[in-house]
There are 2 protein chains.
Amino acid sequence: MSDLSNGAAWMGGRIIPISEASLPVTDWGLTHSDIGYDVVPVWNGAFFRLDDYLDRFMASVAALRMQVGMDRQDIVNALHAMVGASGLQAAYVAMVAARGRNPIPGSRDPRDCDNHFYAWCVPYVHIVKPEIANRGTSVWVAKSVRRIPKDSVNPRVKNYHWGDFTSGLFEAKDNGFETTLLLDHDGNVTEGPGFNVFALFGDRIMTADQGVLHGITRQTVIEMAQERGLRVDVGPLPVSAFWQADEVFLSSSGGGVIPVTRVDDRHFSNGAPGPVAQVLRRDYFDWLERPEYRTPVRSPR
Amino acid sequence: MSDLSNGAAWMGGRIIPISEASLPVTDWGLTHSDIGYDVVPVWNGAFFRLDDYLDRFMASVAALRMQVGMDRQDIVNALHAMVGASGLQAAYVAMVAARGRNPIPGSRDPRDCDNHFYAWCVPYVHIVKPEIANRGTSVWVAKSVRRIPKDSVNPRVKNYHWGDFTSGLFEAKDNGFETTLLLDHDGNVTEGPGFNVFALFGDRIMTADQGVLHGITRQTVIEMAQERGLRVDVGPLPVSAFWQADEVFLSSSGGGVIPVTRVDDRHFSNGAPGPVAQVLRRDYFDWLERPEYRTPVRSPR
């Protein structure tokens, strides 16, 4: 038996250690970043909102016009088998559809490629370390770069086009900030590397609708906020308005709700996590345990 | 001895068959499309304009703030060893710098990653089949998608962010066209998947300066045109002006100068390759043989 405690992958029907999982250097998934993917969290031995993540993933695969030779149930079975074999109780679980290699020498036609599915899982990833998230994180608004517009690459098809995020991250780190958020070309707040962004104004929370991933955790935040009696507005969030927020927080499948205490030189909620962000952060970990959202990972045979 | 006639790769100092060359699924080169690359042609046993391709590649690596642990001469040596071992006399030779894996569990900091270099070569690639290029190709102006703007991802750092190109290619194929060209958000002609675009007006050729790769073949076309006594204007090329061109052609390291006889429903130069495009196409294959641009591939020891 291989050691899968650092992570496992499902590739072509085989379950292998994550360290052995690789993609050919000529796969268009790599050379054209021609991939749709999704990441579902496993928490306390169960997938969270698995159907919602799968809905989005299957929509991405269809939008990319890929035929991976597996249906939704095949994919579910692969995820169970892989996570079950890994023994991980809390995991970051990636499902990936790649354009694949083009078997016709010289063909530049994406329709000729051998599309394929693979998956991998590693121990649960927090996009911001919990000890930082608990006391509130810092965010840098990228100055040198704008979010790739939705009419260039559709951000609702979860993808690996991260060049804009990476540029923003270097800026953030250079300036001593934990992470970055990007504006669109009209000066609206969009999203950051791995998260959506929320702002609180009184009893109303706002988040972007266009030019961003419609995160499942974003959706969970909307539902949690409504259950708490908050109003939720989904629409353009100009950065000029953003600066006036009472609280700012991030949402991610990698850590839930992450309070923000500082954006550039502006401190929010007196430099401590805001009360609403704190409530929603605790709510998220409670929701992870709600039976109606849990799909326990099947035990390996 | 492995069979390297279908292609070879240089990875970590080893030369292996192209079919065995792969990247870990967790390499940020894949998961963040965090890669700078370049492609130098080998023609008749020699690299063409190797120094120019290396200049651009080294500039890309620096712009991406990667340290691959190899200097320019190390990279040259790797390319010679790989192509020499393959025995290929005409080849597409890719050199790649990847962000690499992040060895620190949970780190989201690009500065922590183990950057690395690899290379691969396959038999020479024509982005448009020569028999089609010789009689002129067809190009579809993408309608659903605009080129990723330069303030989102820098197109002068040759990269794998091809989502916009792939969308355009599907549109082109759906409409029965060979390839696609993309406009920017201001309605200017930019580039297509693997090529720059030129338009001829009288004795003047035009090509875009901003929002495009500064192709080495584009540069060769500029120099060939000047040697032929043509004027060259480098600057914005609005699509409205583009429709009035006398001739249209593409430039690519994968095939040189490619005449275009049709863009959407507009036929150029009476549906045959234009005389200037034909002259430059022949010139390019002559220039490939000019001793001052050739670096013969070293024989393997």
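Criteria and cut-off values
- Residues numbered from 1 in each chain as written.
- Chains lettered and ligands numbered in written order.
- Predicted model: local features only at pLDDT ≥ 70, side-chain atom pairs only at ≥ 80, totals over all residues.
- Heavy atoms only, no water.
- Helix = DSSP H or I, 4+ residues; strand = E, 2+ residues; numbered from the N terminus.
- Rg over C-alpha atoms; globule rule 2.2 N^0.38 Å.
- Buried < 20%, exposed > 50% of the residue type's maximum accessible area, 1.4 Å probe, protein only.
- Contact = heavy atoms within 4.5 Å.
- Areas by Shrake-Rupley, 256 points an atom, 1.4 Å probe, with all protein chains shown as cover.
- Lys, Arg positive; Asp, Glu negative; His and termini not counted.
- Charge placed at Lys NZ, Arg CZ, Asp CG, Glu CD.
- Least-squares fit on C-alpha atoms with pLDDT ≥ 70 in both.
- Pairing = 2+ DSSP bridges.
- Axes fitted to C-alpha atoms, helices over the stretch in contact; angles between N-to-C directions.

**Considering the overall build of chain A**
Helix and strand counts for chain A stand at eight helices and 17 strands. By the compact-globule yardstick of 19 Å for 301 residues, chain A fits well, its C-alpha radius of gyration being 20 Å. For chain A, the spread of C-alpha atoms along the three principal axes comes to 55 × 45 × 30 Å. Across the 301 residues in chain A, those meeting the buried criterion constitute 63%. A separation threshold of at least 6 residues defines the contact pool for chain A, and within that pool the share at least 24 residues apart is 70%. Within the structure as shown, chain A displays about 11600 Å² of accessible surface, and the carbon and sulfur contribution to it stands at 47%. One finds the centroid of the 30 positive side-chain charges in chain A at a distance of 1 Å from the centroid of its 35 negative side-chain charges.

**Remarks on the relation of the copies chain B and chain A**
Overlaying chain B on chain A yields an RMSD of 0.0 Å, the required transformation being a rotation through 180° with an accompanying axial translation of 0.0 Å. This pairing of chains is accounted for by a two-fold axis.

**What to know about the pairing of strand 14 (residues 247–252) of chain A**
Residue and element names in this part refer to chain A. With six of its six residues buried, strand 14 lies for the most part within the structure. Covered by surrounding structure in strand 14 are Glu247, Phe249 and Ser251 together with Val248, Leu250 and Ser252, the residues of both alternating faces. Where strand 11 (residues 195–201) meets strand 14, five bridges bridge the pair, whose relative direction is antiparallel. Paired with phenylalanine 198 across the strands is phenylalanine 249, a residue of strand 14. Taken together, the five bridges between strand 14 and strand 15 (residues 256–263) define a ladder with antiparallel strand orientation.

**Considerations on the sheet that holds strand 17 (residues 294–296) of chain A**
Residue and element names in this part refer to chain A. Strand order across the open sheet formed by seven strands is 2-1-7-6-4-5-17, with antiparallel pairing between neighbours. The sheet terminates laterally at strand 2 (14–17) and strand 17, the two strands that pair on one side only. Here the strands of the sheet are splayed against their neighbours by 25° on average, with no regard to which way each runs. The pairing of strand 4 (residues 35–43) with strand 5 (residues 46–48) spans two bridges and is classified as antiparallel. Residue valine 42 lies in a different strand from strand 5, and its bridge partner there is phenylalanine 47. Packing of helix 2 (residues 50–63) onto the sheet brings it into contact with strand 4, strand 5, strand 6 (91–98), strand 7 (116–123) and strand 17, and relative to strand 4 it is tilted by some 175°.

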